[in-house]
Amino acid sequence: MDYPDALQIEVTNKCNFSCQMCIRRVWDTSPIDLNLNLYKKIAKSVFQHLKRLILYGLGEPFLNSSFLDMLKIARENLSKDSEIIVSTNGSTLNPRLAEKILRIGVDNISFSIDTSDAEKLKHIRSGAEPESLIDNFRNIARIKRLCGNSFKIGVEVVLMRSNFMDLPKLVEKVAEEGADYILVSHVIPYTETMFLDSIYVTMSKKSLDITKSILGYGRKAIADAIYEAIGMIYGIKIEHKVSKIIDEFWMEAESNGYWINLPLLFESVDRISMIKEVEEAFNLSLKTAHEYSLDLKLPSLYPDAKKRICPYVDKGTVFVRSDGVITPCSEFAYRHPVYINAHIKTVNPVIFGNSWNEDIIDVWNKERYVVFREIRRDMPKNIPWCGDCPYSASKCFFAETNNMDCYLNEPGCSECLYSVGLAQCNI
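Rules and cut-offs
- Residues numbered from 1 in each chain as written.
- Predicted model: local features only at pLDDT ≥ 70, side-chain atom pairs only at ≥ 80, totals over all residues.
- Heavy atoms only, no water.
- Helix = DSSP H or I, 4+ residues; strand = E, 2+ residues; numbered from the N terminus.
- Rg over C-alpha atoms; globule rule 2.2 N^0.38 Å.
- Buried < 20%, exposed > 50% of the residue type's maximum accessible area, 1.4 Å probe, protein only.
- Contact = heavy atoms within 4.5 Å.
- Lys, Arg positive; Asp, Glu negative; His and termini not counted.
- Charge placed at Lys NZ, Arg CZ, Asp CG, Glu CD.
- Core = buried A, V, L, I, M, F, W, Y, C linked by side-chain atoms within 4.5 Å.
- Phe/Tyr/Trp six-rings, centres within 6.5 Å; stacked < 30°, edge-to-face > 60°.
- Lys NZ or Arg CZ within 6 Å of the ring centre and 35° of its normal.
- Pairing = 2+ DSSP bridges.
- Disulfide = S-S within 2.5 Å.
- Arc of directions from axis to C-beta.
- Polar contact = N/O pair within 3.5 Å; in protein donor to acceptor, adjacent residues only side chain to side chain.
- Salt bridge = Lys/Arg side-chain N within 4 Å of Asp/Glu carboxyl O.

A.B. asks: Sorry, what's going on with the overall build of the chain here?
C.D. replies: A tally of helices and strands in the chain yields 16 helices and 12 strands. A globule of 427 residues ought to have a C-alpha radius of gyration of about 22 Å, and the chain, at 23 Å, matches this closely. Principal-axis analysis of the C-alpha atoms gives the chain an extent of 70 × 50 × 35 Å. For the chain, buried positions account for 56% of its 427 residues. Sequence separation of at least 24 residues holds for 76% of the intrachain contacts in the chain that already meet a minimum separation of 6. Taking the average location of the 51 positive side-chain charges in the chain and that of its 56 negative ones, the two points are 3 Å from each other.

A.B. asks: Could you clarify how one ought to interpret the nonpolar core in this entry?
C.D. replies: Among soluble globular proteins, nonpolar side chains are generally buried collectively. Counting 130 residues, the largest nonpolar core has Leu 7, Ile 9, Tyr 39, Phe 47, Leu 53 and Leu 55 as the members making the most contacts within it. Here the element with the most residues in this core is helix H12 (residues 269-292); it accounts for seven residues. Those residues within four positions of Leu 7 in sequence are excluded, and the remaining contacts are Ile 42, Val 46, Phe 47, Leu 50, Arg 52, Leu 53, Ile 54, Val 318, Val 320 and Ile 360.

A.B. asks: Help me understand unusual backbone geometry, please; the structure alone is not making it clear to me.
C.D. replies: Comment: phi is negative for the bulk of residues other than glycine, and the bulk of peptide bonds are trans. Following Glu 410, the chain continues into Pro 411 via a peptide bond in cis, with omega recorded as 0 degrees. Summarising the element assignment, Pro 411 is placed in the segment after helix H16 (379-382).

A.B. asks: Can you help me understand the side chain of Ser 355 in this one?
C.D. replies: Tracing the backbone shows Ser 355 in the loop between strand S12 (353-354) and helix H14 (360-364). For Ser 355, the residues in contact, after removing those within four places along its chain, are Leu 38, Lys 41, Ile 42, Val 320, Gly 324, Ile 326 and Ile 360.

A.B. asks: Hey, could you run me through the packing of aromatic side chains in this one?
C.D. replies: The geometry of an aromatic ring pair is captured by the separation of the ring centres together with the interplanar angle, meaning the angle of the planes. In this structure the tally under the stated criterion is 10 aromatic pairs. Seen in terms of ring centroids, Phe 352 and Tyr 369 are 4.2 Å apart; in terms of plane orientation they differ by 15 degrees. Their pairing is stacked. Of this pair, Phe 352 sits in the loop between strand S11 (343-347) and S12 while Tyr 369 sits in helix H15 (residues 367-376), and the two are 17 residues apart along the sequence. Side by side, Phe 352 and Tyr 369 carry an identical accessibility label, which is buried. Aromatic side chains Phe 352 and Phe 372 sit 5.4 Å apart centroid to centroid with 70 degrees between the ring planes, which places their arrangement in the edge-to-face category. Note that Phe 352 is positioned in the loop between S11 and S12 and Phe 372 in helix H15, a separation of 20 residues in sequence. Side by side, Phe 352 and Phe 372 carry an identical accessibility label, which is buried. An aromatic cluster is present here, built from Phe 352, Trp 364, Tyr 369 and Phe 372 joined pairwise through their rings. Its guanidinium or amino end placed over the ring of Phe 151, Lys 144 lies 5.5 Å from that ring's centre, counting from NZ or CZ. Here the basic side chain of Arg 373 rests over the ring of Trp 364, its NZ or CZ set 3.6 Å away from the ring centre.

A.B. asks: Whenever I open this one, the pairing of strand S4 (residues 108-112) confuses me. Can you help?
C.D. replies: Judged by how many residues are buried, S4 sits mostly within the fold: five of five residues are covered. Covered by surrounding structure in S4 are Asn 108, Ser 110 and Ser 112 together with Ile 109 and Phe 111, the residues of both alternating faces. As judged from the four bridges shared by strand S3 (residues 83-88) and S4, these two strands associate in the parallel manner. Paired with Thr 88 across the two strands is Phe 111, which belongs to S4.

A.B. asks: I would appreciate a short explanation of the state of the cysteines in the present structure.
C.D. replies: Tallied over the entire structure, the rule returns zero disulfides. Not engaged in a disulfide, the cysteine Cys 413 finds its nearest cysteine sulfur in Cys 416; these two sulfurs lie 6.0 Å apart. What makes Cys 413 buried here is its relative accessible area of 9%.

A.B. asks: Got a minute to help me understand helix H2 (residues 67-77) in this structure?
C.D. replies: For an α-helix the count is 3.6 residues per turn, leaving residues at separations of three or four pointing the same way. Within the span of H2, buried status applies to Phe 67, Met 70, Leu 71, Ile 73 and Ala 74. Buried residues along H2 cover an arc of 165 degrees about the axis, so they all sit on one side. Among the structural elements, helix H1 (36-46), strand S2 (52-54), S3 and helix H3 (95-104) are those in contact with the buried residues of H2.

A.B. asks: Looking at this model, I keep getting lost on the environment of Leu 68. Mind explaining?
C.D. replies: In this fold, Leu 68 is placed in helix H2. When its relative accessible area of 23% is taken as the criterion, Leu 68 is described as partly exposed. A C-alpha to C-alpha distance of 8.2 Å links Leu 68 and Ile 104, two positions 36 residues apart in sequence. Those residues in contact with Leu 68 that lie beyond four places of it in its chain are Leu 97, Lys 100, Ile 101 and Ile 104.

A.B. asks: Would you mind showing me how to read the side chain of His 186 here?
C.D. replies: Relative to the helices and strands, His 186 resides in strand S6 (residues 181-186). For His 186, a relative accessible area of 2% corresponds to the buried category. Looking at His 186, its side chain comes within polar contact range of the main-chain oxygen of Ser 300, at 2.9 Å. Ignoring sequence-local partners within four residues, the contact set of His 186 consists of Val 158, Leu 159, Ile 199, Tyr 200, Pro 299, Ser 300, Leu 301, Leu 422 and Ala 423.

A.B. asks: Would you mind going over the sheet that holds strand S7 (residues 295-297) with me for this structure?
C.D. replies: Across a sheet, paired strands are connected by hydrogen bonds in the backbone, their directions being either parallel or antiparallel. Strand order in the open sheet made by the 10 strands is S7-S6-S5-S4-S3-S2-S1-S8-S9-S12, with mixed pairing throughout. Of all the strands in the sheet, just S7 and S12 have a single pairing partner and so form its edges. By the bridge criterion, five bridges tie S4 to strand S5 (residues 152-159) in an arrangement that is parallel. Residue pairing across strands places Ser 110 opposite Gly 154, the latter belonging to S5.

A.B. asks: Would you mind showing me how to read the pattern of salt bridges here?
C.D. replies: Two side chains of opposite charge can pair, provided their charged atoms sit close to one another. The tally for this structure, following the rule as stated, stands at 15 salt bridges. The partner of Lys 144 in a salt bridge is Asp 180, and the shortest N-O contact between them spans 3.2 Å. With Lys 144 in helix H5 (residues 130-147) and Asp 180 in the loop between helix H6 (167-176) and S6, this residue pair connects regions lying 36 residues apart in the sequence. Since its relative accessible area comes to 23%, Asp 180 is described here as partly exposed.

Okay, here's the thing in structure tokens:
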């Protein structure tokens, strides 16, 4: 019998914020708290086997009125070496609640703070009162200083065009307060508008480096190259001056095991030009983090199709929705759209079981779930990367949903931003 290393329980999918980049702006899901009796059932069956328990999902965990009871039950059923992780928007974590939570015992708690600019934060985290949020963070940090290194405190940042330049200052401020780490993630573009606020590309860096020289030819030349590439796909010969260059690109890319996505390159010209500014902000942030001995976990700026991993599989983690449904990850928990590789995609939920009538250990060992994990243990070999494929930007059938990829994997993870380190989560 195999056991997961970690269990992520979404204690609620409710939230008191309406953040600009949040999935709840695009989903159609009923708000619900995890039932306490169901939580007790799960605790009895699986907690003793866990290394980590993650008590948050796609909602604000402290909105569940049973959270303190859940925390007590966790401490009673977990082994003494098991870690409890919580992520919060910080709005309700006032000194009184913080004292209760820390007395029971949390090992790792992170606050969602995207910028040190109060006005920007108020806009990004719609519904937030920045001063109250920061005060709650400072209170937790103060308690940590008083009681030593009994738990870790961190900050989670969602990075966009509107706030990436604020990162160095944010690093300095939270480091001064005594934070242990900052986890930075790029925005998941659920809509085209969100995508326009992103600051990364989805082409592999090797593919991008091979094709960068063509950017100097201007948009028309790139467009000609795209028309030629599409013509080649459909057997139509179109002669342009860049044809020789494109042939050389393809040969070099294929010799290194990559493809060239010219349509996506064309769409990414502006984004590529600003990545240097983002790199400068990253470097300055890393320097500050080093000075304060703060662990700064930055996302990548470019994917690498040959270096992909599934964080949930890699960390042996299973996700339980607030209604009890068991899924492999938070991204596959709910139906939602995502705008990626110049197209809109529908991500459908991937469900392996239901904790109301099934034991999580039994679900974890189902053949379908076992196969799902085995395939993702070697993603570069078993799963395509659509960011390097010209078909992905040309209404490819396999890119319309996550139901199946062009290697016939069901479901498909061929456009997962978490697998290439562009998006990160605290699990």
